[in-house]
Amino acid sequence: VQLQAYGGGLVQAGGFLSLSCAASGRTFDANTMAWFRRGQGKEREFVAAIRWSGGSTYYADSVKGRFAISRDNAKNTVLLQMNGLKPEDTAVYYCAAARGVILSYIRRPDTYNYWGQGTEVTVSS
């Protein structure tokens with residue numbers, strides 16, 4: 001599975017950005033798509049995940065109510081809509097994909113087999 005992330009940029013606090021992740025190749029190898037992020041000097045952290053089948057979604061507490069993950073199965077694309085952005089959301093955002101992810105592992109980066117190249121989001125105060 002190849003993943004290509006788009007949509008990062010610079011935005012003021014309180015603003016909105018939308019990230020896209022396009023999957024290609026053996027997309028049937030992935031039943032869960034997720035977004036992670038890594039801020040400067042920080043470890044990679046879970047942001048949100050979605051199941052291809054059924055569309056169940058999962059969020060980090062820090063983004064719940066502000067971010068929304070969705071999928072377009074026909075286009076093999078996952079979106080991350082980010083509202084109410086804060087300076088602490090500044091990070092490089094990565095999309096990831098995996099097959100057979102159980103719920104208790106869905107927030108762990110080592111669960112995911114496939115990673116996109118990352119797209120940078122900067123939120124100014």
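That block above? That's the structure.
Presented here is an overview of the structure given in this document. Counting restarts for each chain, with residues numbered from 1 along the sequence as it is written. Whole-chain, interface and lining totals are the exception, using all residues; otherwise, since this is a predicted model, local features are given only for residues with pLDDT of at least 70 and side-chain atom pairs are given and counted only at 80 or more. Side-chain measures here rest on the full set of heavy atoms in the structure, leaving out hydrogens and waters.

Considerations on the sheet that holds strand E8 (residues 77–82)
One open sheet holds the four strands; their spatial order is E1-E3-E8-E7, and the pairing between them is antiparallel. Only two strands of the sheet have a single neighbouring strand rather than two, namely strand E1 (2–6) and strand E7 (67–72). Taking each pair of neighbouring strands and ignoring which way they run, the sheet shows an average axis angle of 15°. Across six bridges, E7 lies against E8 in antiparallel orientation. Bridge assignment links Phe67 to a residue of E8, and that residue is Met82. A pair of strands is considered paired only if DSSP assigns at least 2 bridges between the two. Helix and strand assignments come from DSSP, with helices taken as H or I runs of at least 4 residues and strands as E runs of at least 2, each series counted from the N terminus. For helices, the axis comes from a line fit to the C-alpha atoms of the stretch in contact; other axes are also lines fit to C-alpha atoms, and the angle between any two N-to-C directions lies between 0 and 180 degrees.

Overview of the packing of aromatic side chains
Stacked, tilted and edge-to-face are the three classes assigned to paired rings of Phe, Tyr and Trp, where Trp is represented by its six-membered ring and a pair needs centres within 6.5 Å; plane angles under 30 degrees give stacked, over 60 edge-to-face, the rest tilted. Per the stated rule, a full pass over the model turns up four aromatic pairs. Seen from their ring centres, Phe36 and Trp115 are 5.2 Å apart, and the 55° between their planes marks the pair as tilted. One end of the pair, Phe36, is in strand E4 (residues 32–38); the other, Trp115, is in strand E10 (residues 114–115), and 79 residues separate them in sequence. Aromatic ring contacts, followed pair by pair, group Phe36, Phe46, Tyr112 and Trp115 into a single cluster.

Let's talk about the pattern of salt bridges
The rule for a salt bridge is simple: a side-chain nitrogen of Lys or Arg has to be within 4 Å of a carboxyl oxygen of Asp or Glu. In the structure shown here, the tally under the stated rule is five salt bridges. Among the salt bridges present, the one from Asp89 reaches Arg37, with a minimum N-O distance of 2.9 Å. Taken together, the residues span a long stretch of sequence, with Asp89 in the loop between E8 and strand E9 (91–98) and Arg37 in strand E4 at a distance of 52 residues. Each member of the pair, Asp89 as well as Arg37, is classed as buried. Note that Asp61 is salt-bridged to Lys64, the shortest N-O span being 3.3 Å. Note on accessibility: Asp61 and Lys64 belong to one class, exposed. When salt bridges with common partners are traced through the structure, they connect Arg37, Glu45, Arg66 and Asp89 into a single cluster. Summary of the burial criterion: residues with accessible area below 20% of their type's maximum are buried, those above 50% are exposed, and those between are partly exposed, where the area comes from a 1.4 Å probe applied to protein chains only.

Topic: the environment of Asp110
If you trace the backbone, Asp110 turns up in the loop between E9 and E10. In sequence terms Asp110 and Tyr58 are 52 residues apart; their C-alpha atoms lie 17 Å from each other. A polar side-chain atom of Asp110 sits 2.9 Å from a polar atom in the side chain of Arg108. Under this definition, polar contacts are N or O atom pairs within 3.5 Å; protein pairs additionally need one hydrogen-donor-capable and one acceptor-capable atom, and for neighbouring residues in sequence, both atoms have to be side-chain atoms.

A closer look at the nonpolar core
Within the largest apolar cluster, 40 residues are counted, with the highest numbers of intra-cluster contacts made by Met33, Trp35, Leu80, Met82 and Tyr93. With six residues, E9 is the single largest residue contributor to this core. Here Tyr93 is in contact with Leu19, Trp35, Phe36, Arg37, Val47, Phe67, Leu80, Met82, Gly118, Thr119 and Val121, once residues within four sequence places are set aside. What makes a nonpolar core is a set of buried Ala, Val, Leu, Ile, Met, Phe, Trp, Tyr and Cys residues whose side-chain atoms join them at distances within 4.5 Å. In what follows, a contact means two residues having at least one pair of non-hydrogen atoms within 4.5 Å.

Any functional reading would require information beyond the geometric quantities listed.
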